[in-house]
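Summary of structural features
Residues per chain, in single letters:
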Amino acid sequence: MQLLETVRSLLGRHVPISPATPRPAASPSLLSPTALPEDDDPEWPTARISVAEALWGEGFLFPGGHDEALRLAKPLGLTAASSLLFVGAGTGGASRSITTEFGVWVTGYECNARLVEVANERNAHSGLGRRAQVEPWDPIAPKFPPHYFHHAIAIEPLHGAPMEPVLAAMASAMKPSGQLVLVEAVADKPLDPSETAVAHWAELECRPADVPTELGVSHELVELGFDVRIAEDVSMRHMHQALDGWYAAVRAIEGERPTMHHLALIVREAELWLARLRLMREGRLRLVRWHAIGKA
């Protein structure tokens, strides 16, 4: 079976995909010869980073890549005089894109040490210097410079982390009247960790099945003094972006013969997205974007 059909059979076609979907700019190939090492990190080995960046663009580990990063940043009114806290920086693509677009000083935070290393290696060659640096952080004991940042963006910072201390740490890091854009996976009803589909998804994403509710996150933001202006369900856009990324990346290598090692890497990542999108299609998992303004 051709690779494109293999991935189609895994992910399904429940969400329409445009045949004209372009590949993200500067995307490596799914079959990049550099994507072979598997021994440098248990969650994000070099090989998996390469597969993810083939899907979402170099420097990005989430659907939508560059365009989605700018979409999240634009409502904040960033300028060269601003400083931005970016939690969930991955390999630094979002920090670099936002800095280049708006001139803002971005300090990214990433909990995976391997991703921090890769991000700063690339930042060193970007010419942006400390304008787009990435630092490590601990989701279990979160700590950021107090009252330092004008605004903040966070991409799924509660991935296996307790909600209250993480949101409190981000709130404490912001200056008065700072704006927060938060994107997080939520479940309206508790997910059963013993259920096969839920357990498989949690295992693939290296996280517990304990997911916050939208109302719980909104309530906590209000308790921290934020005025929640927007709580938007972005699940459908997320699903479209994910399937478009897969379609474009696989089409780019259609007709080539992957090694068994490459095929295993690609199929493993496809299984992860199948598990995530299945729960989203069933309405049991959603992705929500909050835009909140801190107290003066």
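Residues numbered from 1 in each chain as written. Predicted model: local features only at pLDDT ≥ 70, side-chain atom pairs only at ≥ 80, totals over all residues. Heavy atoms only, no water.

Overview of the confidence of the model for the chain
Selection rule: Confidence of the prediction at every residue is given by pLDDT, a number between 0 and 100. In what follows, a contact means two residues having at least one pair of non-hydrogen atoms within 4.5 Å.
Model confidence for the chain is summarised by a mean pLDDT of 89, while 87% of its residues fall at 70 or above. In the model, residues 14-20 has pLDDT below 50 throughout and makes 13 contacts with residues more than four positions away in sequence or in other chains.

Digging into the packing of helix 2 (residues 46-56) against helix 9 (residues 235-251)
As a reminder of what qualifies: In this analysis, axes come from line fits to C-alpha atoms, helices being fitted only over the stretch in contact, and the angle between any two N-to-C directions falls in the range 0 to 180 degrees. Starting at the N terminus, helices and strands are each numbered in turn, a helix being any DSSP run of H or I of at least four residues and a strand any DSSP run of E of at least two. Orientation labels follow simple angle bins: below 35 degrees gives roughly parallel, above 145 gives roughly antiparallel, 65 to 115 gives roughly perpendicular, and whatever is left gives oblique. Note that Gly is not counted as nonpolar here; it falls among the polar residues with everything else outside the nonpolar set of Ala, Val, Leu, Ile, Met, Phe, Trp, Tyr, Cys and Pro and the charged set of Asp, Glu, Lys and Arg.
Running from N to C, helix 2 and helix 9 point in directions that differ by 105°, and their axes come no closer than 7 Å. Comparing their axes, helix 9 and helix 2 come out roughly perpendicular. When helix 2 is examined against helix 9, the residues Ala 54, Leu 55 and Trp 56 are found in contact with a partner set consisting of Gln 241, Ala 242, Gly 245, Trp 246 and Ala 249. Classifying every residue of the contact of helix 2 with helix 9 gives six nonpolar, two polar and no charged.

What to know about the packing of helix 2 against helix 10 (residues 260-281)
Going by this rule: Note: crossing handedness is left-handed where the near helix turns anticlockwise from the far helix by less than a right angle, and right-handed where it turns clockwise.
With their axes 10 Å apart at the nearest point, helix 2 and helix 10 run at an angle of 65° to one another. The handedness of the crossing between helix 2 and helix 10 comes out as right-handed. Contacts between helix 2 and helix 10 pair Ala 47, Arg 48, Val 51, Leu 55 and Trp 56 from the former with Leu 265, Arg 268, Glu 269, Leu 272 and Trp 273 from the latter. Of the residues assigned to the contact of helix 2 with helix 10, the class counts are seven nonpolar, no polar and three charged.

Considering the environment of Ala 242
Tracing the chain through its elements places Ala 242 in helix 9. Separated by 178 residues in the primary sequence, Ala 242 and Gly 64 place their C-alpha atoms 7.4 Å from one another. Leave out the neighbours within four places in its chain, and Ala 242 touches Trp 56, Pro 63, Trp 273 and Leu 277.

Quick word on the pattern of salt bridges
Going by this rule: Think of a salt bridge as a Lys or Arg side-chain nitrogen and an Asp or Glu carboxyl oxygen that are within 4 Å of each other. Only protein chains enter the area calculation, which uses a 1.4 Å probe; residues under 20% of their type maximum are buried, those over 50% are exposed, and those in between are partly exposed.
For the structure on display, the rule yields 15 salt bridges. One salt bridge in this structure joins Glu 205 and Arg 276, with 2.9 Å as the shortest N-O distance. Taken together, the positions of Glu 205 in the loop between helix 7 (196-204) and helix 8 (214-223) and Arg 276 in helix 10 put the pair 71 residues apart, joining distant regions of the chain. Residues Glu 205 and Arg 276 agree in their burial class; the two are buried. A salt bridge links Arg 284 to Glu 282; the nearest nitrogen and oxygen atoms lie 3.0 Å apart. By relative accessible area, Glu 282 is classed as partly exposed at 46%.

Here's the deal with the packing of aromatic side chains
Selection criterion: We call Phe, Tyr and Trp rings a pair once their centres come within 6.5 Å, taking the six-membered ring for Trp, and we label the pair stacked below 30 degrees between planes, edge-to-face above 60, and tilted otherwise.
For the structure shown, the criterion picks out five aromatic pairs. Relative to Phe 62, the ring of Phe 60 lies with its centre 5.8 Å away and its plane at 85°, an arrangement referred to as edge-to-face. Here Phe 60 matches Phe 62 in class, with each residue buried. Relative to Phe 149, the ring of Tyr 148 lies with its centre 4.9 Å away and its plane at 75°, an arrangement referred to as edge-to-face.

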